[in-house]
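Structural characterization, general
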Amino acid sequence: MAKPGQNQLNLPLLYADLKRCGDAQNYEKAIKTAESILKAAPGESDAARYKVVCLIQLSNFQNALDILNKYSEVLSGMVFEKAYCEYRLYRNEESLATLRGAGKLDLRGKELLAQLLYRLEDYEAAMNLYKEVVKNSNDDYDDERQINVSAVAAALSLSNATSDLVTPDAADDNSDKYYNAACFLIGQKDYEGAQSQLTRAIDLCQESLEDEDMTEEEKEDELAIIRVQLAYCMQMLGKTDEALKIYNSLFKNKPSDMTVTAVAANNTVTINQDQNVFDSKKKMKLATAPELSKKLTSSQLKSIDVNNCLLAYHSNQVDVCRSLCQTLRKKYADVTDLAVLIESSLLVKSRQQLAALELLKSHVTQSEELSLPVQLSLANLHLSLGDASQVCQVLRKLGHVTYKPAIVSLLVSLYMSQGADDSVSEFFNDVISWYEKNERNGTSFPHILRSAAEFQLRLKNPRVAASFLEKLRKLTPDNRNVLSMLFAAYSQFDPPKAKKISNELPSIESLAEAIDVDALEESSASLANKYKAKKEEKAATTFDKSDVLIVSKKKAKRKRKGKLPKDYNPDVDPNPERWLPRRERSNYKGHRRDKRKEAVGKGSQGATVAGGPELDITKMDSSTSESVSQPVGTSSKGYSASKQQQKKKKTKKGKK
């Protein structure tokens, strides 16, 4: 251990060496010098502070944080450095606590807090802090702050919040500003405008990288984040082939930023959907890497988790899909309905309709707000099970959606299929009351009234039908069809009223005035083709007596007799099975079994067939040899040979 006198004597020289290394940006040597000072004098706060700064410059944030914690008493004033190290290590909550506990922050502390709030997705608070920092700062980093402000505005737009776009100037050559402007437009669903901004950002970035001493791979790595956003815009515009081409090029270049790879992989899975499942599984592994949980936003992580669950559904991974559905329900409250729908679809796919029905019912009872997709899925499941009454009960509880024309039509059809005419009448009254209170001037109300009136006329309730038609008449006073229906209704119970309405109907003469009889006859839609052809033929044959006109008569086609087969016998009835294939005829006996194959030895090589001496022709008597000398295989072989010879002769004769 060095003596106290030596420590005091060596400190000035060591500090001078430390300053010289710092000025030369030789941070490794500066750290060694600082360690020498701390070893000689552990209480030297300047040396510890210098070491922390050098470690931060070398991006060695963990060691810098360890020094700050070790010398916390002498380095209590380095709150910003500690919060910055925690921020770079993605310890967001610890960094926020450090900044909150520091009291009043200076401008750099506020700027770090704004960046931290941006990462924690508190975009409104981050925007307010950035505006304060930009207003009160006066240095050379104004452009960087403006870029950060535009990034926060884009994030607010993507989160469906209101914000003002920081539009880049036409003469601005900063690609980051164009990129953030494109992200803002994406949040506004203006994908074409975002595509043009991203194209401009790529051009500017390529121009700025031309003077840099970088390889093509490094330049593409810088452009990767812009290209993946451009591919997303193309995908949303329906240009999936072009988007997929960009994604594949990114996978080939292997970007250093894992978030770019994860976004490209997730988007590729959405393009594949239920096709190319094997490739989607490989891409999903890239998007679900554990280290990405701290680098992606919550919306990005949610999209990846949902797509991973859907991929398991399409690949028939029942247990995996069910587990992922449970995770979605616990992790994200806003996708609970979607997770339940995926799990119920999985059960239906496995032919467990009753289990899916119970799952949807339990979810409906536990949910505070009714979800329309879940309710419609529940109704569809009841309908597939043939329970029409339960379908009607579910559809009547959809709130204002129950009174949409499509749902009204479905409910009326279901009630009529059950023969519940009273329920149809009661439902129509309910629907008409709702429209009178909420959408009296809506375009659907007249159609509802007309359908209700037609139904009551079908049930022979003309009084009720007339009341509906009177309401419809007030909405459409110039509709003649309504007057005709009113006349038909009143004529059944109030003839004077029907006569009064008949006076308002137009006369037949007035209706016929606007009809052009000649045009009606000429129209091919109102005349039969046969009559029209006769009329044209008649017009062609008429001529003036003074003219000589030769009309060629159309030749009649001669009917030819059908050809009969050569062996046709008119005295014998034809075979009724002649149109059937040979195998399906009643007299088909099938192919004869080839017994030669049965004599082939099936043992090991050199083995003899059992009963060999009995089949040896040299050891048989004459009577036996005569009976065995004509096996089926031999005669069959001789027959086939003679047939082949005949075929060859015929072929040669044909060539001559």
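About the thresholds
Residues numbered from 1 in each chain as written. Predicted model: local features only at pLDDT ≥ 70, side-chain atom pairs only at ≥ 80, totals over all residues. Heavy atoms only, no water. Helix = DSSP H or I, 4+ residues; strand = E, 2+ residues; numbered from the N terminus. Buried < 20%, exposed > 50% of the residue type's maximum accessible area, 1.4 Å probe, protein only. Contact = heavy atoms within 4.5 Å. Areas by Shrake-Rupley, 256 points an atom, 1.4 Å probe, with all protein chains shown as cover. Phe/Tyr/Trp six-rings, centres within 6.5 Å; stacked < 30°, edge-to-face > 60°. Lys NZ or Arg CZ within 6 Å of the ring centre and 35° of its normal. pLDDT = per-residue confidence, 0-100. Patch = residues over 30% accessible without salt bridge, like charges linked within 9 Å, V, L, I, M, F, W, Y side chains within 5 Å. Salt bridge = Lys/Arg side-chain N within 4 Å of Asp/Glu carboxyl O. 1 Å grid on protein atoms, 1.4 Å probe; cavity = no way out; pocket = protein on both sides within 12 Å on 5 of 7 lines; lining within 4 Å. Points joined across faces, edges and corners; volume = space filled by probe spheres on them. Nonpolar A, V, L, I, M, F, W, Y, C, P; charged D, E, K, R; others polar. Lys, Arg positive; Asp, Glu negative; His and termini not counted. Charge placed at Lys NZ, Arg CZ, Asp CG, Glu CD. Core = buried A, V, L, I, M, F, W, Y, C linked by side-chain atoms within 4.5 Å. Axes fitted to C-alpha atoms, helices over the stretch in contact; angles between N-to-C directions. Parallel < 35°, antiparallel > 145°, perpendicular 65-115°, else oblique. Left-handed = near helix turned anticlockwise from the far one by under 90°. Arc of directions from axis to C-beta. Disulfide = S-S within 2.5 Å.

As for the overall build of the chain
A tally of regular secondary structure across the chain gives 33 helices and 0 strands. Counting every position in the chain, which comprises 656 residues, the buried fraction comes to 32%. A sequence separation of at least 24 residues applies to 45% of the contacts in the chain between residues at least 6 apart. Just so you have it, the chain exposes about 44100 Å², and 50% of that area is on carbon and sulfur atoms.

Some remarks on the packing of aromatic side chains
For the structure shown, the criterion picks out 10 aromatic pairs. Where Tyr191 meets Tyr232, the ring centres are 6.2 Å apart and the plane angle is 75°; that geometry is what we call edge-to-face. Note that Tyr191 is positioned in helix α11 (residues 191-209) and Tyr232 in helix α12 (residues 216-236), a separation of 41 residues in sequence. One aromatic cluster is present, formed by Tyr403, Trp434, Tyr435 and Phe445 through successive ring pairs. In this arrangement the basic side chain of Arg119 is found over the ring face of Tyr87, its NZ or CZ atom lying 3.9 Å from the centre.

Observations concerning the confidence of the model for the chain
In low-pLDDT regions, the fine details of the predicted coordinates are not to be read closely. When the pLDDT values of the chain are averaged, the result is 81; 81% of them are 70 or greater. Note on residues 545-552: pLDDT is under 50 here. Beyond four places in sequence and across chains, it has 2 contacts. Counting interchain partners and residues more than four positions distant, the pLDDT-below-50 stretch residues 607-656 has 8 contacts.

Observations concerning a nonpolar patch on the surface
Taken together, the side chains of Ile515, Val517 and Leu520 present a nonpolar region at the surface, about 280 Å² in accessible area. Along the chain, Ile515 falls in the loop between α28 (508-513) and α29 (517-522).

Here's the deal with the pattern of salt bridges
Proximity of charged atoms lets side chains of opposite charge pair with each other. In this structure the tally under the stated criterion is 18 salt bridges. Among the salt bridges present, the one from Glu111 reaches Arg145, with a minimum N-O distance of 3.3 Å. Of this pair, Glu111 sits in helix α7 (residues 107-119) while Arg145 sits in helix α9 (residues 142-158); the two residues are 34 residues apart in sequence, bridging distant segments of the chain. A salt bridge links Glu343 to Arg329; the shortest N-O distance between them is 3.6 Å.

Notes on the layout of surface pockets
One number sums up the size of the second largest pocket: a volume of about 510 Å³. Listing elements by their share of the lining of the second largest pocket, those giving two or more residues are α3 (45-57), α5 (79-88), α7 and α9. When the residues that make up the lining of the second largest pocket are grouped by side-chain class, the tally is 8 nonpolar, 3 polar and 5 charged.

Some points on a negative patch on the surface
The grouping of Asp173, Asp203, Glu207, Glu210, Asp211, Glu212, Asp213, Glu216, Glu217, Glu218 and Glu222 at the surface amounts to a negative patch. If you list the elements that add at least two residues to the negative patch, you get α11 and α12. Here the negative patch takes 4 residues from α12, the largest share from any one element. By the element assignment, Glu216 lies in helix α12.

Digging into unusual backbone geometry
Of note, the phi angle at Gln25 is positive, near 55°, even though the residue is not glycine. Secondary-structure assignment places Gln25 in the loop between α1 (4-23) and α2 (27-40). Residue class for Gln25 comes out exposed when judged on its relative accessible area of 56%.

Topic: the nonpolar core
With 62 residues, the main nonpolar core has Leu99, Leu113, Val152, Leu198, Ile226 and Tyr247 as its most contacted residues. When neighbours within four sequence positions are excluded, Ile226 is seen to be in contact with Tyr179, Leu198, Ala201, Ile202 and Cys205. Core analysis: the next-biggest nonpolar cluster, separate from the first, contains 51 residues, Leu357, Leu395, Tyr435 and Tyr490 among them.

Some details on empty space enclosed by the protein
For the structure on display, the rule yields 1 cavity of 30 Å³ or more. By volume, the largest cavity amounts to about 30 Å³. If you trace the largest cavity, you find it lined by Asp337, His363, Val364, Ser367, Glu369, Leu370, Ser371 and Val374.

A short note on the packing of helix α18 (residues 336-349) against helix α20 (residues 372-384)
At a minimum axis distance of 10 Å, the contact between α18 and α20 shows a crossing angle of 20°. When the axes of α18 and α20 are compared, the pair comes out roughly parallel. Note on packing geometry: the crossing formed by α18 with α20 is left-handed. Contacts from Asp337, Leu341 and Val348 of α18 reach α20 at Pro373, Val374, Ser377 and Leu381. Grouping the constituent residues of the contact of α18 with α20 by class yields 5 nonpolar, 1 polar and 1 charged.

Quick notes on the side chain of Lys219
Positionally, Lys219 belongs in helix α12. Buried charge without a partner: Lys219 forms no salt bridge, and the closest opposite charge is Glu216, 4.2 Å away. Setting aside anything within four residues of it in sequence, one finds Lys219 in contact with Leu209, Glu210 and Met214.

Examining the packing of α12 against helix α14 (residues 258-272)
Helix-helix packing: each pair is described by the crossing angle between the helix axes and the interaxial distance. Between α12 and α14, whose axes approach to 10 Å, the crossing angle comes to 20°. Taken as axis vectors, α12 and α14 run roughly parallel relative to one another. Regarding α12 and α14, the two cross each other, and that crossing is left-handed. Along its contact with α12, which presents Ala224, Ile225, Val228, Tyr232 and Gln235, the element α14 presents Val260, Val263, Ala264, Asn267, Thr270 and Ile271. Taken together, the residues of the contact of α12 with α14 break down into 8 nonpolar, 3 polar and no charged.

Brief notes about α5
All of the buried residues in α5 are Glu81, Ala83, Cys85, Glu86 and Tyr87. The elements touched by buried residues of α5 are α3, α4 (61-70), α6 (92-100) and α7. Phi for Tyr90, located one or two positions after α5, is positive at around 60°.

A closer look at the environment of Ala154
By the secondary structure assignment, Ala154 is in helix α9. Put simply, Ala154 and Cys183 are 29 residues apart on the chain and 5.4 Å apart in space, counted from C-alpha to C-alpha. When near neighbours in sequence (up to four residues on either side) are disregarded, Ala154 contacts Asn180, Cys183 and Phe184.

Considering α4
Every buried residue belonging to α4 is among Phe61, Ala64, Leu65, Ile67 and Leu68, and all of these are buried. Mapping the buried residues of α4 onto a view down its axis gives an arc of 160°, with all of them on the same face. On its buried side, α4 packs onto α3 and α5.

Regarding the state of the cysteines
A complete count under the given rule lists 0 disulfides for this structure. Note on Cys183: no disulfide assigned, nearest cysteine sulfur contributed by Cys233 at a separation of 8.3 Å.

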